[in-house]
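If you want the building blocks of each chain, they are given just below.
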Amino acid sequence: MSTNSLPHSPFAALNRGPLAYVALTAYIAVTSILMLTNTRTSLGTDVSFVLFLLGFLLLYRARVSNGYKLALGAIMLIGVVPYFGTMNAYYIELAIQAGIFVALALGLNVVVGFAGLLDLGYVAFFAVGAYLWGIFSTDQIAQISPGASPVSPQLFYLFMALGLFVGAFFGVLLGLPVLRLRGDYLAIVTLGLGEVIRVLAVNLDRPINITNGSQGIKSIARPPLPDFLYAIFPGLDNPQLYQLFIYALALLVVGITVLTVFRLKNSRIGRAWEAIREDETAAIAMGVPLVRMKLMAFAVGASFAGVMGVLFAAKQQFINPPTFDLIRSIGILAMVILGGMGSIPGVILGGVLVTLLDLQILPRIATELGALKRQGIVIPDWFDPAQYQRALFGLLLILMMIFRPEGILPDQRRREEAHETAVQEAPEEAEAGEVKPV
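Every value quoted in this text rests on a predicted model; they were computed, and no experiment measured them. (Residues numbered from 1 in each chain as written. Predicted model: local features only at pLDDT ≥ 70, side-chain atom pairs only at ≥ 80, totals over all residues. Heavy atoms only, no water.)

J.: Pulling in residues and values, what's your account of the overall build of the protein chain?
T.: Looking only at helices and strands, the protein chain has 17 helices and two strands in total. Surface summary for the protein chain: the accessible area is close to 21900 Å², and the carbon and sulfur share equals 67%. (Helix = DSSP H or I, 4+ residues; strand = E, 2+ residues; numbered from the N terminus. Areas by Shrake-Rupley, 256 points an atom, 1.4 Å probe, with all protein chains shown as cover.)

J.: Describe in detail the environment of glycine 171, supporting the description with residues and values.
T.: Along the chain, the position of glycine 171 falls in helix α7 (residues 156-175). For glycine 171, a relative accessible area of 0% corresponds to the buried category. Spatially, the C-alpha atoms of glycine 171 and methionine 296 are 8.6 Å apart, while their sequence positions differ by 125 residues. Among residues more than four places away in sequence, those in contact with glycine 171 are Phe125, Phe298 and Ala302. (Buried < 20%, exposed > 50% of the residue type's maximum accessible area, 1.4 Å probe, protein only. Contact = heavy atoms within 4.5 Å.)

J.: How would you explain the nonpolar core if you had to name every residue and give the values?
T.: Counting residues in hydrophobic clusters, the biggest one holds 107 residues, and the most contacted among them are Leu104, Phe126, Trp133, Trp273, Met308, Ile319 and Phe324. For this core, the leading source of residues is helix α4 (residues 89-114), giving 17 residues. (Core = buried A, V, L, I, M, F, W, Y, C linked by side-chain atoms within 4.5 Å.)

J.: Lay out the packing of α4 against helix α15 (residues 344-374) in plain terms, naming residues and giving numbers.
T.: The N-to-C vectors of α4 and α15 enclose an angle of 135 degrees; their axes lie 8 Å apart at closest approach. The orientation of α4 with respect to α15, classified from their angle, is oblique. Where α4 crosses over α15, the two elements pack in a sense that is right-handed. Within the contact between the two elements, α4 uses Tyr90, Tyr91, Leu94, Gln97, Ala98, Phe101, Val102, Ala105, Leu106, Asn109 and Phe114 and α15 uses Ile344, Val347, Ile348, Gly351, Val352, Thr355, Leu356, Leu359 and Gln360. (Axes fitted to C-alpha atoms, helices over the stretch in contact; angles between N-to-C directions. Parallel < 35°, antiparallel > 145°, perpendicular 65-115°, else oblique. Left-handed = near helix turned anticlockwise from the far one by under 90°.)

J.: Give a description of a nonpolar patch on the surface that names residues and reports values.
T.: Side chains of Leu43, Val47, Leu51, Leu54 and Leu58 sit close together on the surface and give an oily, nonpolar patch of about 370 Å² of accessible area. Relative to the assigned elements, leucine 54 resides in helix α2 (residues 43-61). Residue leucine 54 is classed as partly exposed on the basis of its relative accessible area of 37%. (Patch = residues over 30% accessible without salt bridge, like charges linked within 9 Å, V, L, I, M, F, W, Y side chains within 5 Å. Salt bridge = Lys/Arg side-chain N within 4 Å of Asp/Glu carboxyl O.)

J.: Can you lay out the environment of glycine 255 for me, pointing to particular residues and giving the numbers?
T.: Summarising the element assignment, glycine 255 is placed in helix α10 (residues 238-265). Its relative accessible area of 38% is what places glycine 255 among the partly exposed residues. Separated by 152 residues in the primary sequence, glycine 255 and alanine 103 place their C-alpha atoms 8.8 Å from one another.

J.: Account for the confidence of the model for the protein chain, with residues named and values stated.
T.: Overall, the predicted model of the protein chain reaches an average pLDDT of 84, with 90% of residues at or above 70. Here residues 1-7 scores under 50 on pLDDT; set against residues more than four positions off or in separate chains, the count is eleven contacts. Every residue in residues 434-438 is under pLDDT 50, and counting partners more than four places away or in other chains gives two contacts. (pLDDT = per-residue confidence, 0-100.)

J.: Give me the pattern of salt bridges: which residues, what numbers.
T.: For the structure shown, the criterion picks out six salt bridges. Two residues, glutamate 280 and lysine 294, come together in a salt bridge whose shortest N-O distance is 3.0 Å. Of the two residues, glutamate 280 is situated in helix α12 (residues 280-285) and lysine 294 in helix α13 (residues 290-316); the sequence distance between them amounts to 14 residues. Residue class for lysine 294 comes out buried when judged on its relative accessible area of 2%.

J.: So what's going on with the side chain of asparagine 209? Which residues, and what values?
T.: Relative to the assigned elements, asparagine 209 resides in the loop between α8 (183-203) and β1 (217-218). Of the polar contacts made by the side chain of asparagine 209, one reaches the backbone nitrogen of asparagine 212; its length is 2.8 Å. Residues within four places of asparagine 209 in sequence aside, it is in contact with Gln140, Gln143, Ile144 and Leu204. (Polar contact = N/O pair within 3.5 Å; in protein donor to acceptor, adjacent residues only side chain to side chain.)

And the structure:
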């Protein structure tokens, strides 16, 4: 439902004037209380958590002042979610994973949504960042350079900055061979280059053991906890504090990513990317530097993945090549398409939605079906929704392409283009005698 359609709906009165403030605050307060008073991992808590997250979408759509939106959003992200996470570690882990994939989806959105360059090897930059911190923070560095010792965990923040530059460097390396390619050819080449990174991670264990091959790298160092966290949360143990700390870092990276992407989109660079996406020939004729702009899109998108790769490695403390396979790239692309290519709020929504489906909703359905089965209800052994999640994502993408190709929260320009296309096609079909049934 679009904002423009709300005045004609029965709930229009709730979305304007003072009543909008009251209704929005009441919804967020009620869902927060429901969540905080039911901390056990269960179906009821899952539903409460999803309803609470739905509050962010209502917050975005509501006709209230931007200052009020920011204040409520900050209370939810900085207050309610971390506090709930101290009572149930599963949900704060879910929030961290959602943050990581939202940042990845925003990075891919720069390449696919803004510049129109279909990149199927995006996860390779995520792997580069993860292996960067994984190698240098563990004894793996001694396998490459005998006598070298792991870097201090204090240098984690420096490596996050390095991850940004290394990711951008590999983004340019990927972009150089595909400058003249478009459409399907571009997708195939980026897919191949992405797989090259994964295969290198598998095979670079000889003659010099750089990545430890398929065994992966374990015992990856974590950044030291700031002392003030012990003072603020005296009753929490180290694992709980680490989760809150990683959550705060993920939130910070997502915030910086959103701000950077927003500024880029509304700059001359963003308009040049849109021109390239719409028509490369016309863009060149208008003086857009095609090579520079394409390489910049690859570099910017890859840099976010490099930073998140460093954070992901520190969080997981273990990485191996299967973590960065093609399916991961497809999943991130699904987040962009589902939310709306080129739309920043849409991609954030797509990232959260796909992460919830992958990690919470489908496994919960499988758990509940197993419980019903144990109670005697006949359910086929082969029916496990968690095992069909890829099929479900494929089905979602097909349905989106048929019924809403612009995504759930589309970019304004793409929405207008989709509607213009539909309007132009209708008279052509009528002239051709293709009358649709009423």
